[in-house]
Amino acid sequence: MSHSPQVPVKLIGKVLVELFEFMAQAPEDAGILLGEVDLSDGFWRIIVKPQHRWNFCYVLPQNPGSPMRIVVPHALQMGWQKSPAYFCTATETGRDVIHWLIQSDLPMPKHPMEQHILPERMAQPSNSTVARPWQVSVYVDDYIMAVLSTVGIRFVKRMARATLYGIHSIFPPPVITGHTGGKDPISLKKLEKGDAKLMTRKEILGFEGNGKARTWKLPAAKQDPICAELQKLEKQPRIKRQRLEKLTGKLFNATRIAPSARGLMTPFFKALHHQPGSTKIRNQQFDLYGAMRDMRAMLHELEG
């Protein structure tokens, strides 16, 4: 029987849906600013109880006849089935703290990292009332921020500080833990890259969102190779199973931002289920050819 908490890890599947709903319900005259704060070495920041460390032991490679060397990790390890559930419990708690800080009247001093989040420019504040003009979600170790461009810089500063202080309340920085030479839990590399900077166009969880046009698409670096592969396969008689599996995985991931296109995945799933080897692309039983053309057209029509 698993004792790991199950609810937090299941919530990650709703992050994109909640973001889509937030964008759909936003006033038409307001843009939406998007940003993403990443954790650094997330799993290794969850310290396990001393009696549980032995569950993660592993033997180091060694020469024959040499004494056996065993590593006993003091932190949660990646690759274990229950690790994501425990880790997501911590990050979801950080999200709850962020929400509380934003909604409370608690004063927050300037955070040394907040300039990496604040936008370059803001729209004029609007007097229109919205139930909640902001949203902060967490996808494993990525804190995703969305806020209306018309809320004013004062509120955006509060949101930025709440996000940073909320994360540090669960994952303290080295100045608090006393870890000499340790890295901050918030990835400074990603901050300097601009991932957290609130902008109307931003890549979030592998997709490119446009907070002004309210659209989503695959980044060109991902979309172009998929479309090129589909176009190439449309001219070939057969496709090998391994190649079809890889293509099906990429296409199914793309349907996360276009749920209505999931029906186009049926021929791919049928071919994988019924054909152990290669599959005829123009086989009328599966109609892979038609599905490939439709998926390519759908990807081209997605515009951010």
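Residues numbered from 1 in each chain as written. Predicted model: local features only at pLDDT ≥ 70, side-chain atom pairs only at ≥ 80, totals over all residues. Heavy atoms only, no water.

S.K.: Pulling in residues and values, what's your account of the sheet that holds strand 7 (residues 207–210)?
M.R.: Taken in spatial order, the 3 strands line up as 6-7-8 in an open sheet, and their pairing is antiparallel. Each end of this open sheet is capped by a strand with a single partner; those strands are strand 6 (201–204) and strand 8 (215–217). The sheet shows a mean angle of 25 degrees between the axes of neighbouring strands, direction not considered. Where strand 7 lies against strand 8, 3 bridges are found, and the strand directions are antiparallel. Residue pairing across strands places Glu208 opposite Lys217, the latter belonging to strand 8. (Pairing = 2+ DSSP bridges. Helix = DSSP H or I, 4+ residues; strand = E, 2+ residues; numbered from the N terminus. Axes fitted to C-alpha atoms, helices over the stretch in contact; angles between N-to-C directions.)

S.K.: Would you mind going over the sheet that holds strand 1 (residues 32–38) in detail, with residue names and values included?
M.R.: Pairing is antiparallel in the open sheet, where 3 strands are placed in the order 1-5-4. The open sheet has two free edges, formed respectively by strand 1 and strand 4 (134–139), since each of these has just one partner strand. In this sheet, neighbouring strand axes are inclined to one another by 15 degrees on average, regardless of whether the strands run parallel or antiparallel. Note: strand 1 against strand 5 (residues 142–148), 7 bridges, orientation antiparallel. Pairing of Ile32 across the sheet is with Leu148, part of strand 5. Packing of helix 3 (residues 83–103) onto the sheet brings it into contact with strand 4 and strand 5, and relative to strand 4 it is tilted by some 170 degrees. Across the sheet, helix 4 (residues 153–170) is in contact with strand 1, strand 4 and strand 5; its angle to strand 5 comes to roughly 165 degrees. (Contact = heavy atoms within 4.5 Å.)

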